[in-house]
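What the coordinates show
What follows is the residue order along each chain.
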Amino acid sequence: MTSLLGVASPVIAAPMAGGPTTTALVTAAARAGSLGFLAAGYRTAAELAAQLDEVDGPYGVNVFAPNPVPVDPAEFRAYARILQREADVYGLDLANAEITEHDDDWSAKIDLLLSRPVPLVSFTFALPPAATVAALRRAGTVVLQTVTSTAEARAAAELGFDGLIVQSSEAGAHSGTFTPTIIPRDVPLTDLVRAVQGVVDLPVIAAGGVGTADDVVATLEAGAETVMVGTALLRTDESGASAVHKTTLAEAATRAVRAEAGDESARDDAGDGLVGTGIWSTVDTVITRAFSGRPARALRNGFVDRHDGEAPSGYPAVHYLTTPLRRAAARANDADRVNLWAGTGFRFATDGPAADVLRRLASRA
């Protein structure tokens, strides 16, 4: 897989849509003998084209394959009314929000990637048409598919992909599951890698919960050729994650270490200087639909506690409903109302240059 990807390092940078992945992060990965993926999700084709001009070295592009989850209009309106209490803090009107459904500029992005071939393209959320996979490969692009189960791996293998990105439920942010109305099974990454390799004969990149050099070694020994990390890079200099996201990850790491050492006071976050307000735990991650209507792993905060059981399935409609609130919360340094995407290895995320993090993770491989 490293020769297929054109890199020396067995550890590469995951695409993180919505801001954390920057062109600087992708370029830094390349200069460290690794590579990163531009996150095309939530960007127009024109915005992606501009990013293609800015990166240097080996890189890939990750694209959301259309897999909409239509939201029930009545459930959407009910959730919007519930969230108005949160929106009032920032003077926003969510109660009257319209349902937004679109395909993330899918066709225009594929046209761009065929007219301006890039080294690698990966797909997430669903399988693209077989003709799209074939066209990209004819253009000289290595084509990868994200899968979260053996059933998805079998389906992907029939379309002629060059390799698979095997993502466990331990991964931060959105699950790449093809069936987003169902919470993904909690299967350790190493077990999932072995299971997938038992049913398909394709090289595997493994992702989900990797935070240490020992995690990398264990994942490679399970059969993965390459390991992909995302949360481990969220606090780095080149990350575009919000300041409140980076700060809360750091505080969460400290609390997690204390909790693991038996300090139960680390789990009581009431009024002790944590960014944001409310009583909530930042030593745990949870899979929630509260922010986007699609399963995603985040640090547990007040918004999750208050709304996880109320959020309907519905992507991208719920995502666009909560976007103004999440942006306002990030600007206000309000960790209680922002999506703090994080995988289970969040406590090992550190600041500093991304290249140093990638090299450290690959140091024992």
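Scroll up a little and you will see the structure.
So, here's what we can say about the structure. (Residues numbered from 1 in each chain as written. Predicted model: local features only at pLDDT ≥ 70, side-chain atom pairs only at ≥ 80, totals over all residues. Heavy atoms only, no water.)

Turning next to the environment of L159. By the secondary structure assignment, L159 is in the loop between α7 (150-157) and β6 (163-167). Take L159: its relative accessible area is 23%, and that puts it in the partly exposed class. Here the alpha-carbon distance between L159 and R235, two residues 76 residues apart in the chain, equals 36 Å. What L159 contacts, discounting residues up to four positions off in sequence, is L127, P128, A130 and V133. (Helix = DSSP H or I, 4+ residues; strand = E, 2+ residues; numbered from the N terminus. Buried < 20%, exposed > 50% of the residue type's maximum accessible area, 1.4 Å probe, protein only. Contact = heavy atoms within 4.5 Å.)

Take the environment of T27 next. Tracing the backbone shows T27 in helix α2 (residues 23-31). Residue classification places T27 among the buried positions, given a relative accessible area of 7%. As a C-alpha pair, T27 and F161 span 134 residues in sequence and 25 Å in three-dimensional space. Those residues in contact with T27 that lie beyond four places of it in its chain are E54, V55 and D56.

Let's shift gears to the pairing of strand β3 (residues 59-64). The buried fraction of β3 is high, at six of six residues. Residue alternation in β3 divides its side chains into two sets, Y59, V61 and V63 and G60, N62 and F64, and both sets are buried. When strand β2 (residues 36-39) meets β3, the two strands line up parallel, connected through four bridges. Opposite A39, over in β3, you have N62 as the bridge partner. In terms of strand pairing, β3 meets strand β4 (residues 120-124) through five bridges, oriented parallel. (Pairing = 2+ DSSP bridges.)

Now for the environment of G345. Positionally, G345 belongs in the loop between α12 (317-331) and α13 (354-361). For G345, a relative accessible area of 8% gives the class buried. With 292 residues separating them in the primary sequence, G345 and D53 have C-alpha atoms 33 Å apart. Discounting chain neighbours no more than four positions away, the residues touching G345 are G209 and G211.

So, about the packing of aromatic side chains. Summed over all chains, the structure comprises six aromatic pairs. With a centroid separation of 5.8 Å and an interplanar angle of 85°, the aromatic rings of F291 and W341 are classed as edge-to-face. Residue F291 is located in the loop between β10 (285-288) and β11 (296-299), and its partner W341 is located in the loop between α12 and α13; the two are separated by 50 residues in the primary sequence. Relative accessible area serves as the criterion here: at 1%, F291 is assigned to the buried category. Aromatic rings pair up to connect Y42, F64, F125 and Y315 into one cluster. (Phe/Tyr/Trp six-rings, centres within 6.5 Å; stacked < 30°, edge-to-face > 60°.)

One recurring pattern in soluble globular proteins: nonpolar side chains tend to sit buried together. Counting residues in each nonpolar core, the largest one holds 70 residues, and the members touching the most others are V61, F123, L164 and V229. Leave out the neighbours within four places in its chain, and L164 touches Q145, V147, A153, A156, V196, V200, L202, P203, V204 and I205. Within the second largest apolar cluster, 19 residues are counted, among which are A87, L94, V304 and W341. (Core = buried A, V, L, I, M, F, W, Y, C linked by side-chain atoms within 4.5 Å.)

Bringing α7 into the picture now. Residues of α7 that are buried: E152, A153 and A156. Buried positions in α7, seen along its axis, are confined to an arc of 100° and lie on one side of it. Those residues of α7 hidden inside the fold are in contact with β5 (142-147), β6 and α8 (189-197). (Arc of directions from axis to C-beta.)

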